[in-house]
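# A structural walkthrough
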Amino acid sequence: MKLTVEHKFSLTVYLWGAITGIVSGLLAYYNEAGWLLGFLLYVLVDKFVIAIVRELPEDIPEPRMILRKAFWGWFLFWLFFTMMTYTLVTDFQPVCYSNQSLLYKMVESGNASIKCVFAMG
């Protein structure tokens, strides 16, 4: 199966989003503003795409257009992987604020594999 240039471009942008998202999530664990460094890695997306794909789709006439064309694809992958990595690294425990909440009802009905921790205050 041979991928077209457009598909290679998209997959490469998504891969860069995943890589920078994981970096952001790990850095955010150590410093509150660490996610910002991963976000700033977006400016290297053009270098990453050129290094992997080596050719551009027809609708991207020059390399400096990559940043504009790749933003939303990169951003959504970056955001997802940042949140997922941060949640996994911090061992996130959801908090039930009320016995009327959806989380509490799911836990009590046996549909969730967590224990409900109530917030104090």
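The following paragraphs examine the structure supplied in this document. (Residues numbered from 1 in each chain as written. Predicted model: local features only at pLDDT ≥ 70, side-chain atom pairs only at ≥ 80, totals over all residues. Heavy atoms only, no water.)

Another point: the environment of Phe-118. Mapping Phe-118 onto the fold places it in strand β2 (residues 117-118). Sequence-wise, Phe-118 and Pro-94 are 24 residues apart; in three dimensions their C-alpha atoms are separated by 9.0 Å. For Phe-118, the contacting residues outside a window of four places in its chain are Val-95, Cys-96, Ser-98, Asn-99 and Tyr-104. (Helix = DSSP H or I, 4+ residues; strand = E, 2+ residues; numbered from the N terminus. Contact = heavy atoms within 4.5 Å.)

What follows deals with helix α3 (residues 45-53). Within the span of α3, buried status applies to Val-45, Asp-46, Phe-48, Val-49 and Val-53. With its buried residues spanning 160° around the axis, α3 presents them on a single face. On its buried side, α3 packs onto α1 (5-30) and α4 (66-90). With its phi angle positive at about 70°, Arg-54 sits one or two positions after the end of α3. (Buried < 20%, exposed > 50% of the residue type's maximum accessible area, 1.4 Å probe, protein only. Arc of directions from axis to C-beta.)

For the rest of this paragraph, the subject is the side chain of Thr-12. As for its placement among the helices and strands, Thr-12 is situated in helix α1. Engagement of the side chain of Thr-12 in a polar contact is seen with the backbone oxygen of Lys-8, the distance being 2.6 Å. Discounting residues that sit within four places of it in the chain, Thr-12 has contacts with Phe-48, Val-49, Ile-52 and Val-53. (Polar contact = N/O pair within 3.5 Å; in protein donor to acceptor, adjacent residues only side chain to side chain.)

Attention now goes to the environment of Gly-38. Structurally, Gly-38 is set in helix α2 (residues 34-40). Here Gly-38 is in contact with Thr-20, Ser-24, Trp-74 and Trp-78, once residues within four sequence places are set aside.

Turning our attention to the nonpolar core. Ranked by internal contacts, the top residues of the largest apolar core, which has 14 residues, are Phe-9, Val-13, Val-45, Val-49, Ile-66, Ala-70 and Trp-74. Going through the elements one at a time, α1, α3 and α4 are the ones with two or more residues in this core. Apart from residues lying up to four places away in sequence, Phe-9 is in contact with Val-49, Val-53, Pro-57, Ile-60, Ile-66, Lys-69 and Ala-70. (Core = buried A, V, L, I, M, F, W, Y, C linked by side-chain atoms within 4.5 Å.)

Let's shift gears to the packing of α1 against α3. One can describe the packing of α1 onto α3 by two numbers: an axis separation of 9 Å at closest approach and a directional angle of 130°. For the element pair α1 / α3, the angle class is oblique. Pair α1 / α3 crosses with right-handed handedness. Listed contacts from α3 to Val-5, Lys-8, Phe-9, Thr-12, Val-13, Leu-15, Trp-16 and Ile-19 of α1 are Val-45, Phe-48, Val-49, Ile-52 and Val-53. When the residues that make up the contact of α1 with α3 are grouped by side-chain class, the tally is 11 nonpolar, 1 polar and 1 charged. (Axes fitted to C-alpha atoms, helices over the stretch in contact; angles between N-to-C directions. Parallel < 35°, antiparallel > 145°, perpendicular 65-115°, else oblique. Left-handed = near helix turned anticlockwise from the far one by under 90°. Nonpolar A, V, L, I, M, F, W, Y, C, P; charged D, E, K, R; others polar.)

This part covers the packing of α1 against α4. With their axes 6 Å apart at the nearest point, α1 and α4 run at an angle of 40° to one another. The pairing of α1 with α4 is recorded here as oblique in orientation. Handedness of the α1/α4 crossing: right-handed. Of the residues belonging to the contact of α1 with α4, the class tally is 17 nonpolar, 9 polar and 1 charged.

Right, let's get into the packing of aromatic side chains. Taken as a whole and judged by the stated rule, the model has 16 aromatic pairs. For the ring pair Phe-75 and Trp-78, a centre distance of 5.8 Å and an interplane angle of 35° mean the geometry is tilted. Of this pair, Phe-75 and Trp-78 are both found in helix α4, 3 residues apart, which corresponds to roughly one turn of the helix. Among the aromatic residues, those joined into a cluster by ring pairs are Trp-35, Phe-39, Tyr-42, Phe-71, Trp-72, Trp-74, Phe-75 and Trp-78. (Phe/Tyr/Trp six-rings, centres within 6.5 Å; stacked < 30°, edge-to-face > 60°.)

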